Amino acid sequence: MGGMIRALVVDDEPLAREGLRLHLRRESDVTIVGEAADGRRAVAMITSLRPDLVFLDVQMPVLDGFQVVEAVSPTFLPAVVFVTAYDQYAIRAFDVHALDYLLKPFTPERFQVSMRKAREDVTARGSHDSRRRLLELIAERTASTAHLQRFVIKSGEGYRLVAAADVASFEAQGNYVRLRTSSGQHLLRITMAELERRLDPKRFARIHRSTMVNIDLIKEITPSWHGDFEVLLTDGQRLRLSRNFRNRLLGQNPGGKKPGVRP
């Protein structure tokens with residue numbers, strides 16, 4: 001194969017991470033580039049370090065292993081070996097999609113089986129159909145909840161994860177959209193039309209051709225001029241609600257929630 005396999009270990013249990021490290025250190029062609037104890041950190045490390053191989057725990061707080069793969073897949077998708085305690089749904093899904101997994105506790109022999117498969121996958125440099133099977137698994141899991149739940153945002157030399165629910169407003173800037181959250185502003189490469197299509201209409205509403213807001217974070221709506229309104233968000237932002245979009249918010253909006261309007 002040639003070259004070292006750069007591996008990342010992701011598990012919220014310190015003993016489980018130590019066990020994986022011990023196994024991996026016996027592999028002469030593997031170098032461990034890092035480890036993460038939760039899904040949010042895993043997303044940041046995968047997108048910044050771009051490892052060849054990730055041993056990924058399924059059950060983790062904040063983001064589970066499936067959500068980690070979902071979050072990084074638009075940016076970078078390494079070879080993945082899932083690690084799990086007994087989980088009937090997960091194991092059935094892995095078997096259906098012919099994806100590799102390690103069931104805790106696993107034997108050295110079973111670990112070697114995973115390493116052989118991982119080497120084949122890494123050698124294929126992305127052409128192996130395990131990537132396709134992995135994406136099919138994620139697509140199957142998210143089919144019933146297809147709305148965007150989080151964004152992977154470039155931050156300095158790395159990346160950070162921003163939950164959609166934490167975004168107060170979205171402002172179009174060419175082929176980018178500026179996200180405003182309580183922690184600051186972030187640029188995302190997506191058009192406003194695509195964003196509107198993929199966000200949950202029960203939680204987000206277009207108020208102008210270049211602006212969307214989080215309905216839950218609207219504090220007040222007041223009439224402005226020529227049929228327009230001003231939208232005040234809980235973070236102090238004041239945004240224009242165009243008359244062309246007012247029925248989406250002031251009529252029977254998709255979520256059935258009618259924000260308070262002050263005359």
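Values in this document were obtained by computation on a predicted structure and should not be read as measured data. (Residues numbered from 1 in each chain as written. Predicted model: local features only at pLDDT ≥ 70, side-chain atom pairs only at ≥ 80, totals over all residues. Heavy atoms only, no water.)

**Overview of the sheet that holds strand E1 (residues 5-10)**
Then step 1. With respect to topology, 5 strands assemble into an open sheet ordered E2-E1-E3-E4-E5, the strand pairing being parallel. For this open sheet the edge positions go to strand E2 (30-36) and strand E5 (101-103), each flanked by a neighbour on one side alone. Taking the axes of each pair of neighbouring strands and ignoring which way they run, one obtains an average angle of 20° across the sheet.
Then step 2. Here E1 pairs with strand E3 (residues 53-57) via 4 bridges, running parallel. Considered in E3, the bridge of Val10 is made with Leu56.
Then step 3. Lying over the sheet, helix H1 (residues 14-25) contacts E1, E2, E3, strand E4 (79-84) and E5, oriented at roughly 170° with respect to E2.
Then step 4. Relative to the sheet, helix H4 (residues 88-96) contacts E4 and E5, its axis offset from that of E5 by approximately 145°. (Pairing = 2+ DSSP bridges. Helix = DSSP H or I, 4+ residues; strand = E, 2+ residues; numbered from the N terminus. Axes fitted to C-alpha atoms, helices over the stretch in contact; angles between N-to-C directions. Contact = heavy atoms within 4.5 Å.)

**Some words on the layout of surface pockets**
Then step 1. Considering only enclosed or pocket space, the second largest pocket measures out at about 250 Å³ in volume.
Then step 2. If you go around the second largest pocket, you meet 18 residues; those closest to its centre are Asp100, Lys117, Asp121, Ser130 and Arg133.
Then step 3. Of all the elements in the fold, those that place two or more residues in the lining of the second largest pocket are E4, helix H5 (108-123) and helix H6 (130-142).
Then step 4. Broken down by element, the lining of the second largest pocket gets its largest block of residues, 5 residues, from H5.
Then step 5. Of the residues assigned to the lining of the second largest pocket, the class counts are 9 nonpolar, 3 polar and 6 charged. (1 Å grid on protein atoms, 1.4 Å probe; cavity = no way out; pocket = protein on both sides within 12 Å on 5 of 7 lines; lining within 4 Å. Points joined across faces, edges and corners; volume = space filled by probe spheres on them. Nonpolar A, V, L, I, M, F, W, Y, C, P; charged D, E, K, R; others polar.)

**Points about the packing of H1 against H5**
Then step 1. At a closest axis distance of 11 Å, the pairing of H1 and H5 adopts a crossing angle of 70°. Between H1 and H5, the angle falls in the class roughly perpendicular. The interaxial crossing formed by H1 with H5 has right-handed handedness. Facing Leu20, His23 and Leu24 of H1, the residues of H5 in contact are Pro108, Phe111 and Met115.
Then step 2. Residues that form the contact of H1 with H5 fall into these classes: 5 nonpolar, 1 polar and no charged. (Parallel < 35°, antiparallel > 145°, perpendicular 65-115°, else oblique. Left-handed = near helix turned anticlockwise from the far one by under 90°.)

**Focus: the confidence of the model for the protein**
Keep in mind that low pLDDT regions are not for reading the predicted coordinates in detail.
Then step 1. With 90% of its residues at a pLDDT of 70 or more, the protein shows a mean pLDDT of 85.
Then step 2. The low-confidence segment residues 252-257 (pLDDT under 50) makes 14 contacts with residues lying over four places distant or belonging to another chain. (pLDDT = per-residue confidence, 0-100.)

**Concerning the pairing of E2**
Put simply, side chains in a regular strand alternate between the two faces of the sheet.
Then step 1. Relative to E2, E1 runs parallel, the two being bridged by 6 bridges. Within E2, the residue paired with Ile5 across the bridge is Val30.
Then step 2. In this fold, E1 hands off to H1, which returns the chain to E2; that crossover is right-handed. (Right-handed = clockwise from strand over helix to strand, strands pointing away.)

**Structural notes on the nonpolar core**
The tendency in soluble globular proteins is for nonpolar side chains to be buried as a group.
Then step 1. Core analysis: the largest hydrophobic core is formed by 32 residues, its most contacted members being Val10, Val43, Leu56, Phe66, Val68, Phe82 and Phe94.
Then step 2. Of all the secondary structure elements, the ones that give two or more residues to this core are E1, helix H2 (39-49), E3, helix H3 (65-72), E4, H4 and H6.
Then step 3. The biggest single contributor to this core is H3, with 5 residues. (Core = buried A, V, L, I, M, F, W, Y, C linked by side-chain atoms within 4.5 Å. Buried < 20%, exposed > 50% of the residue type's maximum accessible area, 1.4 Å probe, protein only.)

**Concerning the pattern of salt bridges**
Then step 1. One pass over the full model with this rule turns up 16 salt bridges.
Then step 2. With its nearest N and O atoms 2.0 Å apart, the salt bridge here joins Glu18 to Arg21. Residue Glu18 and its partner Arg21 are both found in helix H1; the two are separated by 3 residues, about one turn of the helix.
Then step 3. On the accessibility criterion, Arg21 (15% relative accessible area) is buried.
Then step 4. For Arg238, the salt bridge is made with Glu230, and the minimal N-O distance between the two is 2.8 Å.
Then step 5. Residue Arg238 is classed as exposed on the basis of its relative accessible area of 53%.
Then step 6. Classification of Glu230 as partly exposed rests on a relative accessible area of 27%.
Then step 7. Shared partners join several salt bridges into a network, and the residues in it are Asp11, Glu13, Asp57 and Lys104. (Salt bridge = Lys/Arg side-chain N within 4 Å of Asp/Glu carboxyl O.)

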